[in-house]
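# Per-entry structural report
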Amino acid sequence: MKSYELIRGSGLESLVLTERPVPEPGPRELLVKLRVVSLNYRDLAILRGTYGDYPRPLVPVSDGVGEVVAVGAEVRRFKVGERVIPAYVPDWVRGGPTEENSRRRLGGPLDGLLREYACIHEEAAVAAPALLTDAEAATLPIAGVTAWHALFTAGRVGPGDTVVVQGTGGVSLFALQLARMAGARVLVTSRSPAKLERAVALGAAAGIHTGAEPEWDARVLELTEGRGADHVVDVVGGEGVGRSIGAARVGGTVTLVGFLDSAAVRFDLTRALRRVVRLQAVSVGSREDLEALGRALAVRGVRPVVDRTFSFAEAHAAYAYLASGAQFGKVVITLP
């Protein structure tokens, strides 16, 4: 089978097309023919060597969807021909994260999905929602589950709440769509007026152009009549976390889910203490979260936002496009 591997280096030249044997499924494993995979910022950071020190060669990419083409003798949850989504954290089935169930992750340290076939344990897969296309279903495991876990599993977002999301990447647009599903009002920040227009068309109540209003936390206070947001989803990290705290209401929540600016966070702790802001870090969620997300999207008829599709041969171009920051939503790669 064809497979991409990360070898030496930290640029696109480290992503190399190779040949591997098609794996044989174990007694409780599914052999999955991958159809589409979806890129996350994590994949870009791993390629660059700024996210963990994982042994190489490594098959990258954590998210995807495919068809079951063979099953082990003891498999009971799925049948040949069914469409499945592998769970990004295969050992985290339900409940909260632990040291034991969070260690193994697809795309690092485990081999990922940028290959034609993969063996997946039956407990580490969910049925793909029939409503969604392959490209849409492939976006759920990291971006969708992170937003779901932040807002509903770890958070308490409900009708009438105000939610702030930063930018228009995968997690942010999922947070926008899911918060709207829950009846919340959503404010979106971005440096791009065009992307803000698209976010408003998607359901945001207002957009904040951070180029014109770099003190965007003050604008959030204006838009909430001085109260602040109930929940801020921070995908940027760095010194901007201080603005997320400033944008939250007294007793509000700031969820830290990314580090597009910097993994080093600096803020005035006294400000957080005065406003009694709850800071929580979220790193995706369980298989049950993935299943709940799929059910919710199916019931509400909500489709993830896919920005652009690349072919398997265009994997380098897909990574470069993600690195450019030009995307509105998810970047996906179709397999042969």
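I will try to describe carefully the structure that is included in this document. (Residues numbered from 1 in each chain as written. Predicted model: local features only at pLDDT ≥ 70, side-chain atom pairs only at ≥ 80, totals over all residues. Heavy atoms only, no water.)

Helix and strand counts for the protein chain stand at ten helices and 15 strands. For 336 residues, the compact-globule estimate of 2.2 N^0.38 gives 20 Å, and the protein chain sits close to it at 20 Å. In terms of principal-axis extent, the alpha carbons of the protein chain reach across some 60 × 40 × 35 Å. Excluding contacts between residues fewer than 6 apart, the proportion of contacts in the protein chain whose partners are at least 24 apart in sequence is 70%. If you sum the accessible surface of the protein chain, you get close to 13900 Å²; carbon and sulfur atoms cover 51% of it. Of the charged side chains in the protein chain, 39 are positive and 37 negative; the average position of the first set lies 3 Å away from that of the second. (Helix = DSSP H or I, 4+ residues; strand = E, 2+ residues; numbered from the N terminus. Rg over C-alpha atoms; globule rule 2.2 N^0.38 Å. Contact = heavy atoms within 4.5 Å. Areas by Shrake-Rupley, 256 points an atom, 1.4 Å probe, with all protein chains shown as cover. Lys, Arg positive; Asp, Glu negative; His and termini not counted. Charge placed at Lys NZ, Arg CZ, Asp CG, Glu CD.)

A separate point is the nonpolar core. By size, the foremost hydrophobic cluster in this structure holds 48 residues, and its most contacted members are Ile85, Leu140, Leu151, Val163, Leu178, Val188 and Leu297. If you list the elements that add at least two residues to this core, you get helix H2 (134-137), helix H3 (140-153), strand E8 (162-166), helix H4 (170-181), strand E9 (185-190), helix H5 (193-202) and helix H9 (287-300). Per-element tally for this core: the top contributor is H4, with eight residues. Ignoring any residue separated from it by four or fewer positions in sequence, one finds Leu151 in contact with Arg156, Val157, Val163, Ala175, Leu178, Ala179, His231 and Val233. Residues Val37, Val75, Phe310 and Val331 belong to the second largest nonpolar core, which totals 34 residues. (Core = buried A, V, L, I, M, F, W, Y, C linked by side-chain atoms within 4.5 Å. Buried < 20%, exposed > 50% of the residue type's maximum accessible area, 1.4 Å probe, protein only.)

This next bit is on empty space enclosed by the protein. Under the criterion given, the structure shown has one cavity of 30 Å³ or more. Elements that contribute at least two residues to the lining of the largest cavity include exactly H3 and H9. (1 Å grid on protein atoms, 1.4 Å probe; cavity = no way out; pocket = protein on both sides within 12 Å on 5 of 7 lines; lining within 4 Å. Points joined across faces, edges and corners; volume = space filled by probe spheres on them.)

This brings us to the environment of Pro141. Counting through the fold element by element, Pro141 comes out in helix H3. According to the relative accessible area criterion, Pro141 is buried, its value standing at 3%. For the pair formed by Pro141 and Val284, sequence separation is 143 residues and the distance between their alpha carbons is 7.7 Å. Leave out the neighbours within four places in its chain, and Pro141 touches Asp63, Ile85, Pro86, Tyr88, Val284 and Leu290.

Our next topic: the sheet that holds E9. Pairing within the open sheet is parallel, and its six strands lie in the order E10-E9-E8-E11-E12-E13. In this open sheet, the two edge strands, each paired with only one partner strand, are strand E10 (206-209) and strand E13 (278-281). In this sheet, adjacent strand axes meet at a mean angle of 20° when their direction is disregarded. In terms of strand pairing, strand E11 (residues 229-234) meets strand E12 (residues 248-256) through five bridges, oriented parallel. The residue bridging His231 from the neighbouring strand is Thr253, located in E12. In this fold helix H6 (residues 216-223) packs onto E8, E9, E10 and E11, with an angle of close to 155° to the strand it touches most, E10. (Pairing = 2+ DSSP bridges. Axes fitted to C-alpha atoms, helices over the stretch in contact; angles between N-to-C directions.)

So, on to the pairing of E8. Counting buried positions along E8 gives five out of five residues, so the element sits mostly inside the fold. With burial as the criterion, each face of E8 is covered, one bearing Thr162, Val164 and Gln166 and the other bearing Val163 and Val165. For the handedness criterion, the β-α-β arrangement of E8, H4 and E9 is classed as right-handed. Of the strand pairs in this sheet, E8 and E11 are connected by three bridges, and their pairing is parallel. From the neighbouring strand, Val163 faces E11, where its bridge partner is His231. (Right-handed = clockwise from strand over helix to strand, strands pointing away.)

This part covers the pairing of strand E14 (residues 306-311). On any regular strand, side chains alternate: one points to one face of the sheet, the next to the other face. Sheet topology places E14 next to strand E15 (residues 330-334); five bridges connect them, and they run parallel. Looking across to E15, one finds that Arg308 is bridged to Val331. The β-α-β motif built from E14, the intervening helix H10 (residues 315-324) and the parallel element E15 has right-handed crossover chirality.

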